[in-house]
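# Chains, contacts and geometry: an overview
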Amino acid sequence: MFNLDAITRQNIKKLTPYSSARDEFSGEAKVFLDANENSLGSPLVKWYNRYPDPHQRRIKEQLAAIKQIPAEQIFLGNGSDECIDILFRCFCEPGRDNVIICPPTYGMYEVSAHINDVAIRKAPLLDNFQLNLAHLETLTDEHTRIIWLCSPNNPTGNSLDRVDIETVLNHFNGLVVVDEAYINFARQQSFIRDLIDYPNLVVLQTLSKAWGLAGLRLGMAFASSEIIAIMNKVKPPYNINQATQELVSKALEEVGQVNDMIRLLVDMREALAAVFASMPTVEQVYPSDANFLLVKIQDARKVYEFLLGKGIVLRDRSNVQLCEDCLRITIGTEKENTILVDAMQEWYNQ
Ligand SMILES: *Cc1c(COP(=O)(O)O)cnc(C)c1O
């Protein structure tokens, strides 16, 4: 049975969180002289002299409506990367606990584990880029706190089998984090709807990909209100800055525009996949549920360098296990995709 108390670090359980000026007084007032801000203003817009809402109430309300989940089940981080770090800090005892990742996958889980002095165990994906459940099971012990799953996975682009993820959720007594950074481009449904069934599930999403807001840094964790409350205790009080809160609030009113972009990107992904598949030295274009393609191509490193010489930057994954000879290609604008395809023709014609 999953027991949240048993996996929460003692120091975090005992922690009295920082109480900000705006926490201690949040009612109506005319004169705020409680936070040592500059009362005269700023060189920018007047209200930037004030600290932002540490609870991000406005954008959480909007996200609650969009994601159909109570605001108490939403944690906001300075990018998903902060959510990842906070999960380590809440639930993994440095020097003692361990977590499991399934490579090839997003690099930040491992980096964050090292920063927090938490051991990493690896259950590589199978050749079809799906979970190796048997291996996963042999790696877990009483100190395994988190299994990190990325679906759709970066850099392979595929979604993990839903039934496999459910199997992990049902059999593992620690947290199962499902990183859904690319979920908006996928055929699969989000695991947010499954939170009701799994107290050990954490779903990560971000505004960096489909929403086109990588520069603002807003990541989201969805989980039980108990897990979210622990994460809130640990986060820096003002981790989401005022400019981000304002701009995100505006962006969240444009769901329709974002859905249009998603449709266009998915259409271009499929078109580009077909073009690549027809190229002479392309050995495989892997099916993608994301806004990028993983392409296996002869002389991948040389192709990468040739394109770099033309000012086109791809992600070279050719040295990554299971991604040998692969390049990861983000779907660009129509024009950028054409530039890439034309450059590839030059590669073949040289
Ligand atoms: C891009 C990406 C993220 C996004 O991180 P942010 O810090 O929110 O920009 C998270 N997870 C995966 C798998 C990604 O590829």
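Residues numbered from 1 in each chain as written. Predicted model: local features only at pLDDT ≥ 70, side-chain atom pairs only at ≥ 80, totals over all residues. Heavy atoms only, no water.

### What to know about the side chain of E82
Within the secondary structure layout, E82 lies in helix α5 (residues 80-91). Despite its burial, E82 pairs with no opposite charge, the nearest such side chain being R89 at 5.4 Å. Discounting chain neighbours no more than four positions away, the residues touching E82 are G77, P236 and N239. (Helix = DSSP H or I, 4+ residues; strand = E, 2+ residues; numbered from the N terminus. Buried < 20%, exposed > 50% of the residue type's maximum accessible area, 1.4 Å probe, protein only. Lys, Arg positive; Asp, Glu negative; His and termini not counted. Salt bridge = Lys/Arg side-chain N within 4 Å of Asp/Glu carboxyl O. Contact = heavy atoms within 4.5 Å.)

### Some thoughts on the sheet that holds strand β11 (residues 326-330)
In any sheet, the strands associate via hydrogen bonds between backbone groups, in a parallel or an antiparallel arrangement. Spatially, β8-β9-β11-β10 is the arrangement adopted by the 4 strands of the open sheet, whose pairing is antiparallel. Each having just a single partner strand, β8 (282-285) and β10 (315-316) make up the two edges of the open sheet. Relative to strand β9 (residues 292-297), β8 runs antiparallel, the two being bridged by 3 bridges. What sits directly across from V285, in β9, is V295. (Pairing = 2+ DSSP bridges.)

### A word on the side chain of S208
Take S208: it is sitting in the loop between β6 (201-206) and β7 (219-222). Within the structure, the side chain of S208 is placed 3.4 Å from the side chain of R217, a separation counted as a polar contact. In contact with S208, other than residues within four places in its own chain, are L213, A214 and R217. (Polar contact = N/O pair within 3.5 Å; in protein donor to acceptor, adjacent residues only side chain to side chain.)

### Looking at the packing of helix α12 (residues 300-309) against helix α13 (residues 334-349)
Where α12 meets α13, the closest approach of the two axes is 10 Å, and the angle between their N-to-C directions is 120°. The element α12 and its partner α13 pack so that their crossing is right-handed. From α12, K302, V303, F306 and L307 reach across to α13, where they touch L340, A343, M344, E346 and W347. Of the residues that constitute the contact of α12 with α13, the class distribution is 7 nonpolar, no polar and 2 charged. (Axes fitted to C-alpha atoms, helices over the stretch in contact; angles between N-to-C directions. Left-handed = near helix turned anticlockwise from the far one by under 90°. Nonpolar A, V, L, I, M, F, W, Y, C, P; charged D, E, K, R; others polar.)

### A look at the sheet that holds strand β4 (residues 144-150)
Strands sit in the order β1-β7-β6-β5-β4-β2-β3 across an open sheet of 7 strands; the sheet is mixed. The sheet is open, and its two borders are formed by β1 (74-77) and β3 (119-122), each paired with just one other strand. Strand-to-strand twist across the sheet, computed as the mean angle between neighbouring axes with direction ignored, equals 25°. Relative to β6, strand β5 (residues 175-179) runs parallel, the two sharing 4 bridges. Residue pairing across strands places V178 opposite V203, the latter belonging to β6. Packed on one face of the sheet, helix α4 (residues 57-67) meets β1, β6 and β7 and runs near 125° to β1.

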